[in-house]
Amino acid sequence: MDMFDRAFQQARGILESSSDNHTKLFNLLQVSSYFWSVALSEHAVAQRGDAVSSGPFEGLKFPVSEVEGCLLPRILGCYEAELHEKLEDILKTKYDCIINIGCGEGYYAVGLARRLPEATVYAHDINIKAQEKCANLSELNGVRERVIVGGEFSGENFRKFSGKRTLVLCDIEGGELNLLRPDLYPELKQFDIVVELHDFIKAGTSHEVIERFRETHDIELVENNLFRKPLVPDWMKSMHDLTLLLAVCEFRPGPTPWAIMRAR
């Protein structure tokens with residue numbers, strides 16, 4: 001079944017559901033937007049290749065087969081653009097280790113390994129397919145020997161990095177409250193931490209995490225910003241506004257701010 005057949009099948013299921021008309025319309029919008037975004041991604045890759053074209057990971061090879069989630073913002077280099085300036089500042093630090101918890105297909109793990117050739121990246125994900133994709137992506141980009149791929153990351157493992165210059169990059173869909181516990185894992189007080197916060201999953205997550213590290217870290221909260229049309233390349237700027245919006249859309253179900261926490 002090709003992509004359009006799947007789209008039409010899902011749309012048919014929505015129309016035949018017992019949901020009210022407003023819900024049906026919203027669900028149809030989600031389905032059509034997602035599949036149009038995928039089609040646009042495939043077109044862009046066919047025309048321009050599968051390397052990231054701008055941003056902190058420019059040049060990263062990122063094939064369609066390895067993607068988890070939205071592809072086009074990654075290829076365009078505008079994925080999570082609100083973090084770019086902060087990442088460039090963070091990358092001035094010569095880390096020994098980067099712990100990427102919730103690595104997915106390896107966009108950040110491999111991208112950071114390319115930018116920090118002296119660092120070893122420990123990439124963890126509970127999804128076996130994500131682990132395989134991360135390993136494949138690191139091989140494709142020539143950094144396999146410095147990207148150590150593993151499964152679930154337990155807080156007790158933080159002690160292995162004690163005394164090393166360490167960056168923790170964490171995106172675990174609400175699990176940050178259970179993992180980022182400096183009262184249980186005091187090594188965290190020494191590490192720089194970049195964590196995506198999921199208040200829409202559990203209210204108060206941002207406040208709780210920030211309070212835990214307020215005494216040991218300088219903290220900045222970075223909010224999401226979807227409206228990044230200036231970041232699309234010139235070859236896209238003549239396209240319809242809706243197409244441009246979908247090109248940068250990351251299909252987030254709710255606010256996911258980032259906390260940038262630098263150990264003092």
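I will try to describe carefully the structure that is included in this document.

Rules of the game
Along every chain, residues carry numbers that run from 1 in the direction the sequence is written. For a predicted model such as this one, the threshold for reporting local features is a pLDDT of at least 70, and the threshold for listing and counting side-chain atom pairs is 80 or more; totals across whole chains, interfaces and linings nevertheless cover every residue. Excluded from the side-chain calculation are hydrogens and water; included are all heavy atoms of the structure. Only DSSP runs of H or I with at least four residues qualify as helices, and only runs of E with at least two residues qualify as strands; both kinds are numbered from the N terminus onward. Here the radius of gyration uses the C-alpha set of atoms, whereas the globule reference equals 2.2 Å times the residue count to the power 0.38. Only protein chains enter the accessibility calculation, which uses a 1.4 Å probe; a residue is then buried when its area is under 20% of its type maximum, exposed when over 50%, and partly exposed in between. Whether two residues touch is decided by their heavy atoms; if any such pair falls within 4.5 Å, the residues are in contact. Note on areas: these come from Shrake-Rupley sampling with a 1.4 Å probe, and a residue is covered only by the protein chains present in the view. As used throughout, the charge tally considers Lys and Arg to be positive and Asp and Glu to be negative, leaving His and the chain termini uncounted. Here the site of a charge means atom NZ of a Lys, CZ of an Arg, CG of an Asp or CD of a Glu. Any carboxyl oxygen of Asp or Glu that lies within 4 Å of a side-chain nitrogen of Lys or Arg is treated as forming a salt bridge with it. A pair of Phe, Tyr and Trp rings is counted when the ring centres sit within 6.5 Å of each other, with Trp represented by its six-membered ring. The angle between the planes then sorts it: under 30 degrees is stacked, over 60 is edge-to-face, the rest tilted. Put simply, buried Ala, Val, Leu, Ile, Met, Phe, Trp, Tyr and Cys residues joined by side-chain atoms within 4.5 Å make one nonpolar core.

## A look at the overall build of the chain
Helix and strand content of the chain: nine helices and seven strands. Taken over the C-alpha trace, the chain has a radius of gyration of 19 Å; the compact-globule value for 264 residues is 18 Å, and the two agree within 12%. Its C-alpha atoms give the chain principal-axis dimensions of roughly 55 × 40 × 35 Å. Classification of the 264 residues of the chain by burial places 47% in the buried group. Expressed as a percentage of contacts within the chain between residues at least 6 apart in sequence, the contacts between residues at least 24 apart total 73%. If you sum the accessible surface of the chain, you get close to 13,400 Å²; carbon and sulfur atoms cover 52% of it. Side-chain charges of the chain comprise 30 positive and 40 negative groups, with the mean position of each set lying 3 Å from the other.

## Regarding the pattern of salt bridges
Note that side chains of opposite charge can pair when their charged atoms are close. Counted according to the given criterion, the structure contains 14 salt bridges. Taking the shortest distance from any N to any O, the salt bridge between Asp-89 and Arg-262 comes out at 3.5 Å. Highlighted residues: Asp-89 in helix H4 (residues 84-90) and Arg-262 in strand S7 (residues 258-263), separated in sequence by 173 residues. Relative accessible area serves as the criterion here: at 40%, Asp-89 is assigned to the partly exposed category. For Arg-262, a relative accessible area of 22% translates into the label partly exposed.

## A few points about the packing of aromatic side chains
Taken as a whole, this structure holds 13 aromatic pairs when the rule is applied. For the pair Tyr-79 and Tyr-107, a centre-to-centre distance of 5.5 Å together with 90° between the ring planes defines the contact as edge-to-face. Remark: Tyr-107 occurs in helix H5 (residues 107-115) and Tyr-79 occurs in the loop between helix H3 (72-76) and H4; sequence separation between them is 28 residues. The class for Tyr-79 is buried, based on a relative accessible area of 10%.

## Points about the nonpolar core
Soluble, globular proteins show a tendency: their nonpolar side chains are buried together. In terms of nonpolar packing, the biggest core is built from 36 residues, with Phe-62, Tyr-107 and Tyr-108 touching the most fellow members. Counting residues per element, this core draws most heavily on H5, at six residues. Judged by nonpolar contacts, the second largest core, of 21 residues, contains Ile-101, Val-168, Ala-259 and Met-261.

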